[in-house]
Amino acid sequence: MSGFHALIPAAGSGSRMRSARPKQYLELNGLPVIAHTLAALSRDARVDRLVVVLSPDDMEWDSHDWSAWQDRLLVLRCGGATRAETVLNGLGAMAEWCVADDWVLVHDAARPCLPGDALARLLDEAAQDAVGGLLAVPVADTLKRADAEFRVEATVPRTGLWQAQTPQMFRHGVLRDALRAAGADMTDEASAIEQRGLRPRLVECDSRNLKVTYPQDLRLASLILEHLND
Ligand code: C5P
């Protein structure tokens, strides 16, 4: 049977947070953001490894206590200049111990509020799929395309549009080949898979699985976490 491994790219600087500290280390309900992310992933016993990929320059990881996940955690210091490079470097290091058919769930370090039921659904549904899949949310708002002066150029029909989230779950060998072929500027794994002519399955999640990107997101994440497992 194929294993399930989480790969958590955590080598970003988080410039949109306007903070000198990378966003995965910002405090959220008394813990670094990434500690909540690891807790959410490890709540499902099927996820057998948590692979965190840090920047080689990371100065902060060692100053926190990660013993809660010691038996499942593997820390790599091979992050790259882009998210895609970080993921590709992580997959390369994982190749030493995982097989091409193992499932890899790539999950942003900065998504600390992953609901357990959505993770379980992804594991159930994507593992039955020939390609794999990702969590995503149907677009709720009306979408506008802007021109260079921030005036509405067009209204984009939202029917059939989804916002991609993470985890994004694909087989190790397929994902590694797809990212190698796609180049460094892919903003998610599914895009690289799509470029290979494959069609990832969309598994519905909701807005609780937000990516902490702007300063105000931390307050929201804090409130979501308080009620996540109600
Ligand atoms: O910046 P963004 O919000 O797109 O980052 C998403 C995730 O990718 C974060 O967990 C961030 O740490 C990670 N990342 C990375 N290596 C980079 C850039 C981003 O691991 N060079």
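See the structure printed just above.
Summary of the structure given here.

The rules we used
Residues numbered from 1 in each chain as written. Predicted model: local features only at pLDDT ≥ 70, side-chain atom pairs only at ≥ 80, totals over all residues. Heavy atoms only, no water. Near = heavy atom within 4 Å. Polar contact = N/O pair within 3.5 Å; in protein donor to acceptor, adjacent residues only side chain to side chain. Areas by Shrake-Rupley, 256 points an atom, 1.4 Å probe, with all protein chains shown as cover. Helix = DSSP H or I, 4+ residues; strand = E, 2+ residues; numbered from the N terminus. Nonpolar A, V, L, I, M, F, W, Y, C, P; charged D, E, K, R; others polar. Contact = heavy atoms within 4.5 Å. Buried < 20%, exposed > 50% of the residue type's maximum accessible area, 1.4 Å probe, protein only.

### Observations regarding the site of the ligand
Step number 1: Taken together, 16 residues lie near the ligand, and Pro9, Ala11, Lys23, Gly80 and Thr86 sit nearest.
Step number 2: Contacts to the ligand include Gly12, whose backbone N or O atom sits 3.0 Å from an oxygen atom.
Step number 3: Contact between the ligand and Ala109: an oxygen atom at 3.0 Å from a main-chain N or O atom of the residue.
Step number 4: In the complex, 86% of the free accessible area of the ligand, which totals 460 Å², lies under the protein chains.
Step number 5: At the level of elements, strand S1 (4–10) and helix H2 (83–94) are the ones that each hand at least two residues to the shell around the ligand.
Step number 6: Counted by class, the shell around the ligand contains 6 nonpolar, 5 polar and 5 charged residues.

### Focus on the side chain of His36
Step number 1: Among the structural elements, His36 can be located in helix H1 (residues 33–42).
Step number 2: If we skip the residues at most four places from it in the chain, His36 touches Leu28, Asn29, Leu31, Pro112 and Leu225.

### Considerations on H1
Step number 1: Counting buried positions over the 10 residues of H1 gives 10, a clear majority of the element.
Step number 2: Every buried residue belonging to H1 is among Val33, Ile34, Ala35, His36, Thr37, Leu38, Ala39, Ala40, Leu41 and Ser42, and all of these are buried.

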